[in-house]
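Notes for the structure review
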Amino acid sequence: NNRVAIFSSFLMALALFMPYHDNEFRAEDMCVLFISSSLYSLCKVLYVDDGIDDKQLLKSCFVIGVSLGATFLIKYSNTAMLLSLPIVGLIYLIKTRQNLLKPVLSLFGGLVCIFLPFLVYMLVTGSLDDFLNEYIINTLLTVRGSLGIKQDFMEMAYLFANPVRFTILTIGILGCLM
């Protein structure tokens, strides 16, 4: 439960925001911030020696809910990966608590805070059907698998090719290990 841990996570994400990283800005780059905050919140719940108080638990669940909602709106395939965090949290809560209603409601409250403005906008403009068809259905029907191990390796090698990016990633990794 150290603030250096969240700082190192954000420092790792900072490397992806540099202008020379692929000369583009990917949706995954924005999701890293939400995944990091979600992971930090879950770790605050799991790794507290004297038990977590209800206020901190509800705050962590709310942050995870906001992160789930934001990553869904940015790129829903990242949300599929992020779903493991609330599942781990739920398993932990089932083992340690009797009442799960408040934490689950807090998580859904975070989701609603993110989804509600977008839902209202899409209903007002009549674009909810377009959103569902293009963002979810059409994407699921047209997405292909990996480009192959050679292309995956080339992308990873490119990530470490720049000395500044390599330095920031190294500092971030070392910070995470502290």
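Residues numbered from 1 in each chain as written. Predicted model: local features only at pLDDT ≥ 70, side-chain atom pairs only at ≥ 80, totals over all residues. Heavy atoms only, no water.

With respect to the element layout, Met 81 can be found in helix 4 (residues 76–82). Given a relative accessible area of 56%, Met 81 falls into the exposed group. Each C-alpha atom, one on Met 81 and one on Thr 71, is 10.0 Å from the other, the two residues being 10 residues apart in sequence. (Helix = DSSP H or I, 4+ residues; strand = E, 2+ residues; numbered from the N terminus. Buried < 20%, exposed > 50% of the residue type's maximum accessible area, 1.4 Å probe, protein only.)

With respect to the helices and strands, the residue Ser 106 is situated in helix 6 (residues 101–125). Among residues more than four places away in sequence, those in contact with Ser 106 are Leu 58, Cys 61 and Phe 62. (Contact = heavy atoms within 4.5 Å.)

Relative to each other, helix 3 (residues 54–74) and helix 6 sit at 35°, their axes nearing to 7 Å. Like other packed secondary-structure pairs, helix 3 and helix 6 cross with a definite hand, here right-handed. Mapping the contact onto sequence places Leu 57, Leu 58, Cys 61, Phe 62, Ile 64, Gly 65, Val 66, Leu 68, Gly 69, Ala 70, Phe 72 and Leu 73 in helix 3 and Lys 102, Pro 103, Ser 106, Leu 107, Gly 109, Gly 110, Leu 111, Cys 113, Ile 114, Phe 115 and Phe 118 in helix 6. Looking at the contact of helix 3 with helix 6 residue by residue, the classes come out as 17 nonpolar, 5 polar and 1 charged. (Axes fitted to C-alpha atoms, helices over the stretch in contact; angles between N-to-C directions. Left-handed = near helix turned anticlockwise from the far one by under 90°. Nonpolar A, V, L, I, M, F, W, Y, C, P; charged D, E, K, R; others polar.)

Topologically, Ser 67 is positioned in helix 3. Residue classification places Ser 67 among the buried positions, given a relative accessible area of 1%.

A separate point is a nonpolar patch on the surface. Taken together, Val 112, Leu 116, Leu 119, Val 120, Leu 123 and Val 124 make up a surface patch of nonpolar side chains, about 560 Å² in accessible area. Mapped onto the elements, Val 124 comes out in helix 6. On the accessibility criterion, Val 124 (70% relative accessible area) is exposed. (Patch = residues over 30% accessible without salt bridge, like charges linked within 9 Å, V, L, I, M, F, W, Y side chains within 5 Å. Areas by Shrake-Rupley, 256 points an atom, 1.4 Å probe, with all protein chains shown as cover. Salt bridge = Lys/Arg side-chain N within 4 Å of Asp/Glu carboxyl O.)

Let us look at the nonpolar core. Core analysis: the largest hydrophobic core is formed by 12 residues, namely Leu 42, Val 45, Ile 52, Leu 57, Cys 61, Ile 64, Leu 68, Leu 82, Leu 85, Leu 93, Leu 107 and Leu 111. Here this core gets 4 residues from one element, more than from any other, and that element is helix 3. Non-local contacts of Ile 52, meaning those with residues more than four positions away in its chain, are made with Lys 44, Val 45, Leu 57 and Arg 97. (Core = buried A, V, L, I, M, F, W, Y, C linked by side-chain atoms within 4.5 Å.)

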